[in-house]
Amino acid sequence: MTERTGPLAGFRVLDISTMIAAPFGAALLADFGADVIKLEMPATGDALRHVAPMYGDRSLYWSVLGRNKCSITLDLHAPRGRELFLELVKRSDAVLENFRPGTLERWGLSYETMQAANPDIVLVRVSGYGQDGPYRDKAGFGTPAAAIGGLTYITGFPDRPPISVPIALADYLAGMFGALGATTALLERERHRQGGQWVDVSLYESVFRLLEAVVPAYGKNGNIRERQGNRTGQSSPIGSYRTRDDRYMVLSVSTDRVWQRMTEAMGHPEWASDPRMRGNPQRTANADYVDALVGAWFGERTAEEAQRILDDAGVPVSPIYSIADIFADPHYQARGDIIAPEDPEIGPVPMPSVIPRFSRTPGSVRFVGPSLGEHNQHIYGGLLGLSEADLVSLAAEGVI
């Protein structure tokens, strides 16, 4: 085991969740030094171990999302498994789970049971629709959560069907809110010493929380945000524009001051005084006209030329990157945004580095997702004090 450093060093977290949402939250805590123990079913392990992309028989997804976590096997369905789990709870600060609401209670592992074992324990509960309400028992996955959370409806172009975001966005957002909930609850516990508490995180609410401007626009004005392609309905010009060398670039002009700089940089200062484009409300109302002018300007220049001209004028613009572009970009390289820790089975695995960055106690990736049960001896023997004979017996019974 490597020494744990970082702002959360000294906190122990039990990750009894599966797949992406809560495990991502636990991974964030592990990145910053928390001692995260991943509990997995004997023999099969976390379902994410079998999810593409694969490299041979190894899930690259698991190598990344399982990073910095100790892996032990434990069957929480078994009475002895539940006893061992509560022994771990006694020695831990937080638990992250993402079972369907009521599952832990059916197993005899309610929050009250955990709190009886450790009054200071923090339990983060991640689910599709929350721990109460009429939808609590529905199966919760990221794509439906993004839909009911209001994001899918506004994503895409007005003349085409809604588009689902092509990553597990709701899961990752819920994981981030879960990590925030855990650290906030632990901070409150350390400050006020009134014991632990449970934290309720849902996938759909994690998406809905981002719709800040959409909510009051309807609640106060009755405006329903519709799909607008690359536009936001709040500023213009904004969106993607094709260059002469067949690249796409994104431009965002949200203030009149930036608009003024852009028109001068593009060699068309007269646009700024045109009544149809003088202020942001006028430009937004005439977005088609604005886009035609701006699009023609991009179409006459290469991406490199457009980038240089607008960068020099302080206008927010960026090429639209593929993952290959990201790997080749010098800024990503200078910032160390892609790291490649060694996987003992398949060698170096490129993955995103740790963010945010801390000046004094930075996080780190100490190892990639471990093999199933790799740390059984370390945790059960070292932390709980079980003997080798105990471990052999537990394995024979299928408990670990």
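Residues numbered from 1 in each chain as written. Predicted model: local features only at pLDDT ≥ 70, side-chain atom pairs only at ≥ 80, totals over all residues. Heavy atoms only, no water.

*Asks:* Let's hear about the sheet that holds strand β11 (residues 317–319): which residues, and what values?
*Replies:* Spatially, the three strands line up as an open sheet ordered β9-β10-β11, and their pairing is antiparallel. With partners counted over all chains shown, the strands left at the sheet margins are β9 (238–242) and β11, one partner each. Along the sheet, successive strands turn relative to each other by an average axial angle of 25 degrees, direction set aside. As judged from the three bridges shared by strand β10 (residues 248–252) and β11, these two strands associate in the antiparallel manner. Bridge pairing links Leu251 to Val317 in β11. Sheet contacts for helix α12 (residues 287–299): β9, β10 and β11; angle to β9, the most-contacted strand, approximately 40 degrees. Contacting β10 and β11, helix α13 (residues 303–312) runs over the sheet at an angle of about 155 degrees to β11. (Pairing = 2+ DSSP bridges. Helix = DSSP H or I, 4+ residues; strand = E, 2+ residues; numbered from the N terminus. Axes fitted to C-alpha atoms, helices over the stretch in contact; angles between N-to-C directions. Contact = heavy atoms within 4.5 Å.)

*Asks:* Describe the environment of Arg257, with residues and values.
*Replies:* Tracing the backbone through its elements, the reader meets Arg257 in helix α10 (residues 256–265). Taking relative accessible area as the criterion, Arg257 reaches 67% and is therefore assigned exposed. As a C-alpha pair, Arg257 and Gly279 span 22 residues in sequence and 9.7 Å in three-dimensional space. (Buried < 20%, exposed > 50% of the residue type's maximum accessible area, 1.4 Å probe, protein only.)

*Asks:* Describe in detail the sheet that holds strand β1 (residues 12–15), supporting the description with residues and values.
*Replies:* Adjacent strands of a sheet pair through backbone hydrogen bonds, lying either parallel or antiparallel. One open sheet accounts for six strands, arranged β5-β2-β1-β6-β7-β8; its pairing is parallel. One side of each edge strand has no neighbouring strand; the edge strands of this open sheet are β5 (69–73) and β8 (198–202). Taking each pair of neighbouring strands and ignoring which way they run, the sheet shows an average axis angle of 20 degrees. On top of the sheet, helix α1 (residues 21–31) reaches β1, β2 (35–40), β5, β6 (94–97) and β7 (122–127); it is set at about 150 degrees to β6, its chief contact. In the packing of helix α3 (residues 79–90) onto the sheet, the strands contacted are β1, β2, β5 and β6, and the crossing angle to β1 comes to about 150 degrees.

*Asks:* Describe helix α7 (residues 169–192), listing the residues and the values that go with them.
*Replies:* Across its 24 residues, α7 extends 34 Å between first and last C-alpha, which sits within 8% of the 34 Å expected from 1.5 Å per residue. Of all the residues in α7, the buried ones are Ala170, Asp171, Leu173, Ala174, Gly175, Gly178, Ala179, Gly181, Ala182, Ala185, Leu186 and Arg189. In the core, the buried residues of α7 are packed alongside α1, β7, α6 (142–148), β8 and α8 (203–208). Once α7 finishes, Arg193 follows within two positions and takes phi at roughly 50 degrees, a positive value. (Expected span 1.5 Å × (residues − 1).)

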